[in-house]
Amino acid sequence: PKPSPLADWRAQEAARTGSYPGYHRIRLQAVRYTQAGRAADWEFTYYDNGRLTHVLNRNILANARHAYALYWSTPASAWRASFHYFRAFASTFRPAPASR
């Protein structure tokens with residue numbers, strides 16, 4: 001795992017924006033996430049086969065041995081109606097213990 005989820009997402013954004021047609025960053029910021037010591041959200045839109053798609057990618061540093069990404073993607077038109085699903089799985093996610 002990278003020591004800084006935010007720095008990791010910044011590097012990922014710099015390397016990958018060209019692969020997302022019409023890429024538009026909404027936000028890229030550190031966030032509080034009770035299941036981990038550090039986390040960052042990368043939220044953006046892009047066109048997938050002509051359809052505007054909205055993405056939230058949460059980078060989670062659980063411990064020195066475990067990092068995770070919770071990736072939520074949906075058509076932009078369905079974002080508000082379906083975002084409760086992301087909140088549900090983000091709130092119930094539990095990282096593996098550091099000893100594994």
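Conventions we followed
Residues numbered from 1 in each chain as written. Predicted model: local features only at pLDDT ≥ 70, side-chain atom pairs only at ≥ 80, totals over all residues. Heavy atoms only, no water. Phe/Tyr/Trp six-rings, centres within 6.5 Å; stacked < 30°, edge-to-face > 60°. Buried < 20%, exposed > 50% of the residue type's maximum accessible area, 1.4 Å probe, protein only. Helix = DSSP H or I, 4+ residues; strand = E, 2+ residues; numbered from the N terminus. Expected span 1.5 Å × (residues − 1). Arc of directions from axis to C-beta. Contact = heavy atoms within 4.5 Å.

(A) Representation of the packing of aromatic side chains in the model. If you walk through the whole model with that rule in mind, you get 15 aromatic pairs. Measuring from centroid to centroid gives 4.9 Å for W42 and F44, while their planes differ by 40°, and the two rings are tilted. Overall, the relative accessible area of 1% leaves W42 in the buried class. Owing to a relative accessible area of 0%, F44 belongs among the buried residues under this scheme. Aromatic side chains F86 and F89 sit 5.0 Å apart centroid to centroid with 75° between the ring planes, which places their arrangement in the edge-to-face category. Taken together, the residues span about one helical turn, with F86 and F89 both in helix α2 (residues 79–92) at a distance of three residues. For F86, a relative accessible area of 2% puts it in the buried group. In textbook terms, an aromatic cluster arises when at least three aromatic residues are bridged by ring pairs, as seen for W9, Y20, Y23, W42, F44 and Y46.

(B) Structural context of α2. Here α2 contains 14 residues, and its C-alpha end-to-end distance of 20 Å stays within 8% of the 20 Å for a straight helix at 1.5 Å per residue. For α2, the full list of buried residues reads W79, S82, F83, F86 and A90. Projection of α2 onto a plane perpendicular to its axis shows the buried side chains occupying an angular sector of 130°, all on one side. Away from the buried face of α2 by more than 90 degrees, exposed residues A81 and T92 are located. Against the buried residues of α2 lie β2 (38–48), β3 (51–63) and β4 (66–75).

Take it as geometry only, folks, not as evidence of what the structure does.
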